[in-house]
Amino acid sequence: MGGLQKKKYERGSATNYITRNRARKKLMLSLPDFRRLCILKGIYPHEPKHKKKVNKGSTAPRTFYLLKDIRFLLHEPIVSKFREYKIFVRKLKRAYGKTEWSAVERLKENKPAYKLDHIVKERYPTFIDALRDIEDALCMCFLFSTFARTGKCHVQTIQLCRRLTVEWMNYVIVSRALRKVFLSIKGIYYQAEVMGQLITWLVPYQFSHDHPTDVDYRVMATFTELYTTLLGFVNFRLYQSLNLVYPPKLDSKSELELKEENEDNYAMNSESYLEKLSALSSSLARVVSSEEEEEAKLDQFPVEGEDMEKMEAREKEQKLLETQKKIFEGLKFFVNREVPRESLAFVVRCFGGQVSWDKSVCIGSTYDVTDETITHQIVDRPNVDRQYINRYYIQPQWVYDCVNAKILLPVEDYFLGVTLPPHLSPFVEEKEGDYVPPEKLKIMALQRGEKPAQQDEEEEEEEEEEEEDEDEEEEENEEEEEEAEEKNLKKMEEQRSQGKSLQVKVTPGKVKAENPARLELEEKAEEKRLAIMMMKKKEKYLYDKIMFGKKRKVREANKLAAKRKAHDDAEKAKKKKSRK
Amino acid sequence: MMVSLKTCFPRGSMEASRGNVQSAEQRAGMKKTKKTDKKRSKQDEEDEEEDQPFDLNSKAMEEDEDDDDLSDSEDSVYSGLEDSGSDSEKEEEEEEGGSDDADEDEQDQSEQSPVKESKKKEGAGEEKEMKKEDEYDHDTSDEEDIRNTVGNIPMEWYKDFPHVGYNLDGKKIYKPIRNKDELDDFLEKMENPDYWKTVHDKKTSSDIVLSDEQIELVNRLQRGQFGDVNFNEYEPTVEFFSKDVLIHPVTNRPADKRSFIPSLIEKEKVSKLVHAIKMGWIKPRRVEDDSRGRFYDLWASENSSILAKHKMHLPAPKIPLPGHEESYNPPPEYMFTDEEKALWEQQDPSDRRLPFVPKKYPSLRQVPAFSQFIHERFERCLDLYLCPRQRKMRVNVNPEDLIPKLPKPKDLQPFPTTQSLVYRGHSGLVRSISVSPSGQWLVSGSDDGSVRLWEVCSSRCMKTVQVGGAVKSVAWNPNPSLCLVAVAVDSAVLILSPALADKQVLLSSERLLTTQQEEEEPSEESQTVVWSETDGEELNQGIRLKIQHPKAVHQVTWHSKGDYLASVMPDHSSHLQVFIHQLSRRRSQNPFRRNKGLVQAVSFHPIRPYFFVATQRSVRIYNLVKQEMTKKLQANSKWISSIAVHSGGDHVICGSYDCRLSWFDLDLSTKPYKMLR
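No experiment lies behind these values; they were computed from the predicted model shown.

Parameters and conventions
- Residues numbered from 1 in each chain as written.
- Chains lettered and ligands numbered in written order.
- Predicted model: local features only at pLDDT ≥ 70, side-chain atom pairs only at ≥ 80, totals over all residues.
- Heavy atoms only, no water.
- Contact = heavy atoms within 4.5 Å.
- Buried area = accessible area lost by both parts, 1.4 Å probe.
- Salt bridge = Lys/Arg side-chain N within 4 Å of Asp/Glu carboxyl O.
- Polar contact = N/O pair within 3.5 Å; in protein donor to acceptor, adjacent residues only side chain to side chain.
- Nonpolar A, V, L, I, M, F, W, Y, C, P; charged D, E, K, R; others polar.
- Buried < 20%, exposed > 50% of the residue type's maximum accessible area, 1.4 Å probe, protein only.
- Helix = DSSP H or I, 4+ residues; strand = E, 2+ residues; numbered from the N terminus.
- Pairing = 2+ DSSP bridges.
- Axes fitted to C-alpha atoms, helices over the stretch in contact; angles between N-to-C directions.
- Phe/Tyr/Trp six-rings, centres within 6.5 Å; stacked < 30°, edge-to-face > 60°.
- Lys NZ or Arg CZ within 6 Å of the ring centre and 35° of its normal.
- pLDDT = per-residue confidence, 0-100.
- Patch = residues over 30% accessible without salt bridge, like charges linked within 9 Å, V, L, I, M, F, W, Y side chains within 5 Å.
- Areas by Shrake-Rupley, 256 points an atom, 1.4 Å probe, with all protein chains shown as cover.
- Lys, Arg positive; Asp, Glu negative; His and termini not counted.
- Charge placed at Lys NZ, Arg CZ, Asp CG, Glu CD.

1. Description of the interface of chain A and chain B
At the junction of the two partners, chain A supplies 113 residues and chain B supplies 84 residues. Approximately 8,600 Å² of surface area, both sides summed, lies buried where chain A meets chain B, with 64% of it carried by carbon and sulfur atoms. In terms of surface lost to chain B, no three residues of chain A exceed Tyr44, Ile185 and Lys186 of chain A, which account for 10% of the buried area on that side. There are 12 salt bridges connecting chain A and chain B. Here chain A is connected to chain B by 29 residue pairs in polar contact (both at pLDDT 80 or more). For the side of chain A that touches chain B, the residue count by class is 64 nonpolar, 18 polar and 31 charged.

2. Comments concerning the pattern of salt bridges
Tallied over the entire structure, the rule returns 40 salt bridges over all chains. The partner of Arg253 of chain B in a salt bridge is Asp256 of chain B, and the shortest N-O contact between them spans 4.0 Å. Judged by relative accessible area, Asp256 of chain B falls into the partly exposed class, the value being 30%. A salt bridge links Lys551 of chain B to Asp571 of chain B, with the shortest nitrogen-to-oxygen separation between them at 2.8 Å. With Lys551 of chain B in the loop between strand S13 (543-548) and strand S14 (555-558) and Asp571 of chain B in the loop between strand S15 (564-568) and strand S16 (578-582), this residue pair connects regions lying 20 residues apart in the sequence. Using a relative accessible area of 18% as the deciding quantity, one classes Asp571 of chain B as buried. Among the charged side chains, a salt-bridge network with shared partners connects Glu439, Arg564 and Asp568 of chain A together with Glu333 of chain B.

3. Quick word on the sheet that holds S16 of chain B
Residue and element names in this part refer to chain B. Ordered by their spatial adjacency, four strands build an open sheet running S14-S15-S16-S17, and the pairing between neighbours is antiparallel. This sheet does not close on itself; its edge strands, each paired only once, are S14 and strand S17 (587-589). Averaged over all adjacent pairs, the angle separating strand axes in this sheet is 20 degrees, with direction ignored. The sheet contact formed by S15 and S16 spans five bridges and is antiparallel. Looking across to S16, one finds that Leu565 is bridged to His581.

4. With respect to the sheet that holds S13 of chain B
All names here are of chain B. One open sheet holds the five strands; their spatial order is S9-S10-S11-S13-S12, and the pairing between them is antiparallel. Each edge of the open sheet is held by one strand with a lone partner, namely strand S9 (471-476) and strand S12 (530-533). The average angle at which neighbouring strand axes cross in this sheet is 20 degrees, direction not considered. The pairing of S9 with strand S10 (residues 485-489) spans five bridges and is classified as antiparallel. By the bridge assignment, Trp476 is partnered in S10 with Val485. Against the sheet, helix H16 (residues 503-515) makes contact with strand S11 (492-496), S12 and S13, and its axis sits at roughly 40 degrees relative to S13, the strand it touches most.

5. A few points about the environment of Asn540 of chain B
Along the chain, the position of Asn540 of chain B falls in helix H18 (residues 537-541). Placed 75 residues apart in sequence, Asn540 of chain B and Val465 of chain B show a C-alpha to C-alpha distance of 9.7 Å.

6. Focus: the packing of aromatic side chains
Note on aromatic pairs: each is described by the distance of the centres and the angle between the planes. Counted by the stated rule, this structure contains 38 aromatic pairs over all chains. Between Phe233 of chain A and Tyr296 of chain B, the aromatic rings sit 5.0 Å apart at their centres with planes inclined by 75 degrees, giving edge-to-face as the arrangement. Separated into two different chains, Phe233 of chain A in helix H12 (residues 217-241) and Tyr296 of chain B in the loop between helix H12 (264-279) and helix H13 (338-346) make up a pair that spans both. Measuring from centroid to centroid gives 6.2 Å for Phe328 of chain A and Phe351 of chain A, while their planes differ by 85 degrees, and the two rings are edge-to-face. Of this pair, Phe328 of chain A sits in the loop between helix H15 (305-325) and strand S6 (332-335) while Phe351 of chain A sits in the loop between helix H16 (341-350) and strand S7 (354-357), and the two are 23 residues apart along the sequence. Here a set of aromatic residues connected by ring pairs shows up, and it is made of Phe142, Trp168, Tyr171, Tyr190, Trp201, Phe236, Tyr239, Tyr246 and Phe346 of chain A. Positioned over the ring face of Phe127 of chain A is Arg237 of chain A, at 5.1 Å from the centre of the ring. A cation over a ring is seen here: Lys332 of chain A above Tyr367 of chain A, with NZ or CZ 4.4 Å from the ring centre.

7. Let's talk about unusual backbone geometry
In this structure, Pro247 of chain A follows Tyr246 of chain A across a cis peptide bond, with omega equal to -5 degrees. Among the structural elements, Pro247 of chain A can be located in the loop between H12 and helix H13 (252-262). Notably, Arg176 of chain A is not glycine yet its phi reads approximately 50 degrees, a positive angle. When you line up the elements, Arg176 of chain A lands in the loop between helix H11 (155-175) and strand S3 (178-183). Despite not being glycine, Gln627 of chain B shows a phi value in the positive range, around 60 degrees. Note on placement: Gln627 of chain B falls in the loop between strand S20 (618-623) and strand S21 (628-634). The exposure class of Gln627 of chain B is exposed, given its relative accessible area of 65%.

8. Side note on the confidence of the model for chain B
Residue and element names in this part refer to chain B. Mean pLDDT for chain B: 76, with 74% of residues reaching 70 or above. Mean pLDDT in chain B bottoms out at helix H1 (residues 2-18), which sits at 38, and peaks at H12, which reaches 93. Contacts from residues 1-131, a stretch scored under 50 in pLDDT, to residues over four places away or in other chains number 140 contacts. Scoring the predicted complex yields pTM 0.62 and, for the interface, ipTM 0.84.

9. Observations concerning a positive patch on the surface
Residues Lys431, Lys545, Lys550, Arg552, Lys553 and Arg555 of chain A together with Lys392 and Arg394 of chain B make up a contiguous surface patch of positive charge. Along the chain, Lys550 of chain A falls in helix H21 (residues 537-579).

10. So, the side chain of Thr224 of chain A
Examined against the element boundaries, Thr224 of chain A turns out to sit in helix H12. If we skip the residues at most four places from it in the chain, Thr224 of chain A touches Met140, Phe144, Thr157 and Cys161 of chain A.

11. Thoughts on the environment of Tyr393 of chain A
Residue and element names in this part refer to chain A. You can see Tyr393 is positioned in strand S9 (residues 392-394). A relative accessible area of 5% means that Tyr393 is categorised as buried. What Tyr393 contacts, discounting residues up to four positions off in sequence, is Gln377, Val379, Val384, Arg386, Gln387, Tyr388, Tyr414, Phe415 and Leu416. One polar contact links Tyr393 to Gln377, side chain to side chain, over a distance of 3.4 Å. Side-chain polar atoms of Tyr393 contact the backbone nitrogen of Tyr388, separated by 2.9 Å.

Below, the structure written as structure tokens:
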């Protein structure tokens, strides 16, 4: 026997990981700085497979980072900036303490600042990578842009967020990239298809926030810092791809119009410019002033068989998309003041409609309520005093539902004061066996071009159903009666037999009718049972799990259906009552 | 004088609100009480703010009362009212011109004619002399005014006397004979039109009726204006230091020496700065980097080489998309029932299937802000930078594919599907059966102490042998040219000759049983194992040999040649667990020197000289020729119960008490090829 004894924890997984504290010490950073660095660089902890080995035999709960990640951080130029900033703060404190104001001035002038461009480039080497990860950035920027300019974060950040989100929305409008909208209780979800990537973001409703106390805003601010940089670059690239000027500029024509109207209301030109942009009502200036671009058509390749079918399906889809993009084309909307203006303006403009609002609501309204050519007025109150006869007065949900259904839905269900049909999530794609709400079925029928069942028919049906119900009840009653009679007979017989006290009883044998189909089924079930018995343990576990999940799904769907039925019945009963 | 006026009058006005018409002069006299006065004035200010709209009537009333309290001297009224020029002597001495101005104003006022300033200046010279005389008049008149010489004392002191003081001649000033009572006061208030401007002077205990001018002055003071009507508060300022460069210096002083020579302190400071700059402590002002916050085409030159760096990087999972239940107006079936809601509230937040309760609002207008919005975003942030990420392989399998494809039972036929024969006869548990190599006969051993021989195809019991003990195991000799059965009963192994065969076979077996007769020297084994021939009843039944073992025998098994047989006596403690007996030489031997665990079963290899010993957990294979262990099979079961070897010799199956069957392929490995349950 010879050789050196191997020391423990000097090779293998123990050397691949590093605890957070050691990483922090290695980088010589304070915890907040380390946290910021991790956020900016996108470094996250790793869970080692053998925790005890990595933890050198201890089972204490620790966070581990990959040593490679930390080494990668060592060479980050921002780390030195963090250190510089620390020194700067120390010097500034000292200068304040000594009341050396000139020194304070001088220090403040040389305040260390850092840029995140290289980090963005490093984290997202290609533009598509950036687009894939833009969702969080959008959500965060939209949230920050709704913050009040008090205390929680820098005003500049809020302004920047607002600017970037407005730019983004303008891009989506110009590129007509919006696909789905969903009004949830949390906020409004939008889904757009940008460069082939589906991007979903959530915008809170326009209310002031009730700032929670248990939220660390520094963390959020750090994320926002990165996200604003990312979103800025993405916006630039997107604008460039559409030949638009960046930072966005209004079309010279529309700019002139706006200028005439609102020059006196706004003191600062720069301030009003963002407002005008955020009004989302006018088109943007292009680098090369081109007329309407030719619509891209799918290239035709000679293909055969299945590919052909696929191609056709794709073409069909493309066509559908084209029509969806234009569903509001030629329609003129007017948004009442109680309706969320920005969201509606955004959606309507994304699908080719024209939209305006009262002048006092926001800058950038293009026409008045009195305009005779308005086709739809979006109202969210029980009734309106003065109604024009040549336009529909509809509730805002109509717009969103139309977008999701990809067709113009009948307006009758959305008139003022009418109980709205449920607003369904466009993100749910029902597979076979899933529960599909009846409203969705209705919309699907409409999409297929079928006429919706008339109200009268429905009522008739209802009545018929009711009658049927009654019939059934009668039948049941009859059956019950029969059963009762039989019971009576049996009882009488028994009594008689007891009277005779005869114990021996001859019962006629029953002919066992063998159902071949049933037998076959049973046989198959038996075979399956045997086969399941022969499964390997691992596979059996998986199989059981899958089957459990399936069963649960079915159960849930049944439950929903039952609930719906109960609700409908209750509604019907109520209606009946009210009719009587 | 101007300055003094400016500061005095507002104060006066304050006090006027309390009814004290005090002159600046008097305040100068009451320097000691000034501080307290100031405090009071502050209070007064507040008072004033509260009761701004005063009417003069009530004012006059209050004045009376206040006079009592503060015991102001009579001249306070006069001197303040008659003219502002009669201020304190000191002021007059210092600023004669100022008093002149005031007098001048007074005159103007009396004349009631607008006098322009230019005119004033012209006539200033003449008037000055006149005024100088006037001044002295005032001086004397001041003293004349003192009709009561008691001085500044509280007048209550004279409450009980008929007089209120003494005049200049030293004579008593008597109070009016009849004091006014309330009624008189009231009557006078009703009748006298001048009552509102009548002030009671306590010192002389006489009523003074104020003139119109005096009232005007009081009014003005109350309004916070200057007492002087003609005083212009808003005169244009005369700038002492103007932008115009004057020809003459302001002062006549010659310039300092230090203004000619360079300052040493400055030099020191500059040199310090220079040094700091040289050492790099002070950096030059940074040029504002305007590229910050500017966006450009970051991905102009995309290269995928960086991608390789991030192999370990996992992109964060996206937030799941919302379902119908998150809608502001969901279909009714997605709403919670009361039970579901109660359940939701009871559950731990981490167990909930939905992080929120679905809600329905009749219109978009009524949707409130989501209170958890910032929370959720924050949680997402935390997830992004604090959560370890793991790639989870989602099994996307059709569950039907997991079920193994077994051949249909139909295809496996023929196999017995119905019960055709039952061998009835045993009264106890049947422990063991064995079939003859010809397949014609079956032997069975039972707890009832009998061994029965059956014909297989007719289920006829050919013979019953009473062995006088529970039969543990029976084994038919596998050699077709022999017809023998080994039976394990208690601690003995019996060799049975059933006589169910051809004569030839019977003869050969008889020969085998009788050949070996020579006695060998008794060995160790022969002491423990005793061979004995049977006789009498037993012999008649066909039992030919009895091999007595030290312990209860559990199993017997034959070698395929039919000469050797092995018996098992499971015992933890001893190495005497297995015996191999040679029938031809009537010899027994214990092949193992050491105890390797509880032996459950043994078996011979059908072709090769191998011997299988199944202990609790494993099966050992011994080479009988080389006398060593060749293999150890691990049967992944808790307790092996039995073992069987395929006639080819390559496959072994092991049964166990935990309902498992392990199947070994000896060519492959020592691990079971398959486990069956």
